[in-house]
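Per-entry structural report
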Amino acid sequence: MDGQDQGNPAAEVVVAVGDCSSEDAHAVLDLLERSFPAEVGVGGAAHGGQAPTVWWATVDAAKPAEPAGRQAGPVRLKDAVSVTLQGGPRAVERVQAALAGHFTVETTGAVSGDQEREIGLRVRS
């Protein structure tokens, strides 16, 4: 059944990372790139003043995360990071599970619709 999600917009998850340093944002996004190889499209950073305030990427989570994300060793964050996941419910669950496999993840809020879910997370090492 997982193969049916491939190429499906419901498998795409927009990941927004904020309230953190550039290094911590890139650590989270790099982890997702390794966990969902060839499926990630890094978007960029939204600027609020002089420095980026939100970094984002689009992840195709049609399949569960690959264990390749663990090969580079543990990922350490300097501080807690705010992460928002938005997409199809199954895909959001997969990305959340990939983050939970590497970090302590606390849910800060969630909104669910018929075909889309948005969840706020606080992620820390």
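This report concerns the structure included in the present document. Computed from a predicted structure; not experimentally measured.

Turning to the nonpolar core, a few remarks are in order. Considering soluble globular proteins, one finds that nonpolar side chains tend to be buried as a cluster. Grouped together as the largest cluster of nonpolar side chains are 29 residues, with contacts concentrated most on Val15, Val17, Val83, Leu85 and Val95. Put simply, the parts of the chain that give this core at least two residues each are β1 (12–18), α1 (22–35), β3 (52–60), β4 (81–87), α2 (89–100) and β6 (117–124). Counting residues per element, this core draws most heavily on α1, at six residues. Discounting chain neighbours no more than four positions away, the residues touching leucine 85 are Val13, Val14, Val15, Val92, Val95, Gln96, Arg117, Glu118, Ile119 and Leu121.

A few words now on the pattern of salt bridges. The full count for this structure, using the stated rule, is two salt bridges. Ionic pairing is found between lysine 78 and glutamate 23, a salt bridge with its closest N-O pair at 4.0 Å. Of this pair, lysine 78 sits in the loop between β3 and β4 while glutamate 23 sits in helix α1; the two residues are 55 residues apart in sequence, bridging distant segments of the chain. Judged by relative accessible area, which is 49%, glutamate 23 ranks as partly exposed. For arginine 124, the salt bridge goes to glutamate 106, with nearest N and O atoms at 3.6 Å. With arginine 124 in strand β6 and glutamate 106 in strand β5 (residues 104–112), this residue pair connects regions lying 18 residues apart in the sequence. We classify arginine 124 as partly exposed; its relative accessible area is 32%. According to the relative accessible area criterion, glutamate 106 is partly exposed, its value standing at 41%.

Rules used in this analysis
Residues numbered from 1 in each chain as written. Predicted model: local features only at pLDDT ≥ 70, side-chain atom pairs only at ≥ 80, totals over all residues. Heavy atoms only, no water. Core = buried A, V, L, I, M, F, W, Y, C linked by side-chain atoms within 4.5 Å. Buried < 20%, exposed > 50% of the residue type's maximum accessible area, 1.4 Å probe, protein only. Helix = DSSP H or I, 4+ residues; strand = E, 2+ residues; numbered from the N terminus. Contact = heavy atoms within 4.5 Å. Salt bridge = Lys/Arg side-chain N within 4 Å of Asp/Glu carboxyl O.

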